[in-house]
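What follows is the residue order along each chain.
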Amino acid sequence: MQRTMTTSLVALALASLSMSVAQRAASDVGPKTTKQQQSERGCSGTSVQVAGQGFHCIDWERHFSKSRTFRECWKSEAGSKVCGPELVAIPPGSFRMGAVHLESATPDNLVKFWWSWQLPVHKVTVRHPFAASKYEAKLSEYLACVDAGACAAPVWMRKGHKHDISRGTKDWVAPGMLLAHYGTLSTIWEPNSPVIGVSWGDAQDYIGWLNRIGETTSYRLLSEAEWEYAARAGTSTIFPWGDAVGDRNANCDGCGSRPDRLMPVGSYTANAFGLYDMHGNVAEWVQDCFADSYRNAPPNENPWQWAACPKRVTRDGSWFNPPTSIWSSFRAGFEAGYTERTCLSP
């Protein structure tokens, strides 16, 4: 039986669709001009090329606990100002990917069948710096793409759709759940709430639009390895704040005093990389195809993909999921067009 979850857009490379969008910020992309070389002189850290902003010197030790942030803005096709997500520079490094706390468990001890999806634990080396969105993709950011005619509206805004919220809320059934059971959805209209009710394909449309108006190819979804690396932020515990879920560290069903609803982005404390809501609130699409284990998974940051890819990976869980669904290692797989049973967004 599949879990119910709500996904949105984050990592820009978006990293929490909510949207996890990521942006490649590698220092070794293409030949360097004399001007670029001059801009790198005196850089004691890593020289990172940011689309539209030239080269930046990133001192990873200095920025480890408070990463460098930046945001790109452009003119849309209609001439209005459009900004991409606020991005955080993430340093390269290595980590152990998967459920480290389940590493010694036998198959009989894996209480939930999807726990095996988080094994075997394996070493991954993220070879290049990249940038991830500081927050889950906001509704206001995504609706700019809808207004431009480049993205489909979230399912709950589509007139006549079975999840069209304008039909009323008394008996309205969100994908996979009863509204009355899961609390108010009034916050889905907030501009700073994460966009939900979007598919993996919708995420690709949004990213394609950002790349077109920015005249770049830098924006993309995070790979699954990049997502977990960014979510862990140098930790190996169950959550980045420790092994216990605690109180008010995230938005989930069992996270202590919880609001029982979707929350605006940035409502909880950021991790050591400066990224918000990597745990709870809404689940997030990444680029990879879904496999039911990590056997033969890439040893680096590359997305794991193949030609026939029936499902894509979502990471993290939503506000109505239990703490086991917001582990740093938690993962699930859904069809790319999935907007059912994901509350409001796949």
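Okay, the pairing of strand 18 (residues 331-334) next. The side-chain alternation of strand 18 yields two buried faces, one formed by R331 and G333 and the other by A332 and F334. Where strand 17 (residues 312-315) and strand 18 come together, 4 bridges link them in antiparallel fashion. What sits directly across from V313, in strand 18, is G333.

Turning to the confidence of the model for the chain, a few remarks are in order. With 68% of its residues at a pLDDT of 70 or more, the chain has an overall mean of 76. With pLDDT under 50 throughout, residues 47-56 is counted as low confidence; its partners more than four residues away or in other chains account for 36 contacts. This stretch, residues 169-183, has a pLDDT under 50; its non-local contacts, to residues over four places away or in other chains, come to 35 contacts.

A separate point is the environment of A225. By the secondary structure assignment, A225 is in helix 6 (residues 224-232). Classification of A225 as buried rests on a relative accessible area of 5%. Between the C-alpha atom of A225 and that of V124, which follows or precedes it by 101 residues, the distance is 7.4 Å. Contacts of A225, omitting those with residues within four sequence positions, involve F95, M97, V124, N300 and E301.

Here the focus is the side chain of E72. Along the polypeptide, E72 turns up in the loop between strand 6 (69-70) and strand 7 (73-75). Despite being buried, E72 has no salt bridge partner; R71 is the closest side chain of opposite charge, sitting 9.6 Å away. Looking at E72, its side chain comes within polar contact range of the side chain of Y219, at 2.6 Å.

The next thing to look at is the packing of aromatic side chains. Within the structure shown, the criterion is met by 11 aromatic pairs. Measuring from ring centre to ring centre gives 5.0 Å for W117 and F290, while their planes differ by 75°; the resulting arrangement is edge-to-face. With W117 in the loop between strand 10 (93-97) and strand 11 (122-126) and F290 in the loop between strand 16 (283-289) and strand 17, this residue pair connects regions lying 173 residues apart in the sequence. A single burial state applies to W117 and to F290, both of which are buried. Here Y206 and W209 contribute two aromatic rings whose centre-to-centre distance is 6.2 Å and whose plane-to-plane angle is 35°, an arrangement assigned as tilted. Placement of the pair is Y206 and W209 together in helix 5 (residues 200-213), with a separation of 3 residues, close to one helical turn. Accessibility classification places Y206 together with W209 in one group, the buried group. Within the aromatic cluster, the residues linked to one another by ring pairs are F95, Y229 and F273. For R312, the ring lying beneath its charged end belongs to W200, and the centroid distance is 4.0 Å.

Attention now moves to the pattern of salt bridges. Summed over the entire model, instances satisfying the criterion amount to 10 salt bridges. In this structure, R331 engages E224 in a salt bridge whose closest nitrogen and oxygen atoms are separated by 2.5 Å. Taken together, the residues span a long stretch of sequence, with R331 in strand 18 and E224 in helix 6 at a distance of 107 residues. The exposure class assigned to E224 is buried, which follows from its relative accessible area of 2%.

What counts, and where the lines are drawn
Residues numbered from 1 in each chain as written. Predicted model: local features only at pLDDT ≥ 70, side-chain atom pairs only at ≥ 80, totals over all residues. Heavy atoms only, no water. Buried < 20%, exposed > 50% of the residue type's maximum accessible area, 1.4 Å probe, protein only. Helix = DSSP H or I, 4+ residues; strand = E, 2+ residues; numbered from the N terminus. Pairing = 2+ DSSP bridges. pLDDT = per-residue confidence, 0-100. Contact = heavy atoms within 4.5 Å. Lys, Arg positive; Asp, Glu negative; His and termini not counted. Salt bridge = Lys/Arg side-chain N within 4 Å of Asp/Glu carboxyl O. Polar contact = N/O pair within 3.5 Å; in protein donor to acceptor, adjacent residues only side chain to side chain. Phe/Tyr/Trp six-rings, centres within 6.5 Å; stacked < 30°, edge-to-face > 60°. Lys NZ or Arg CZ within 6 Å of the ring centre and 35° of its normal.

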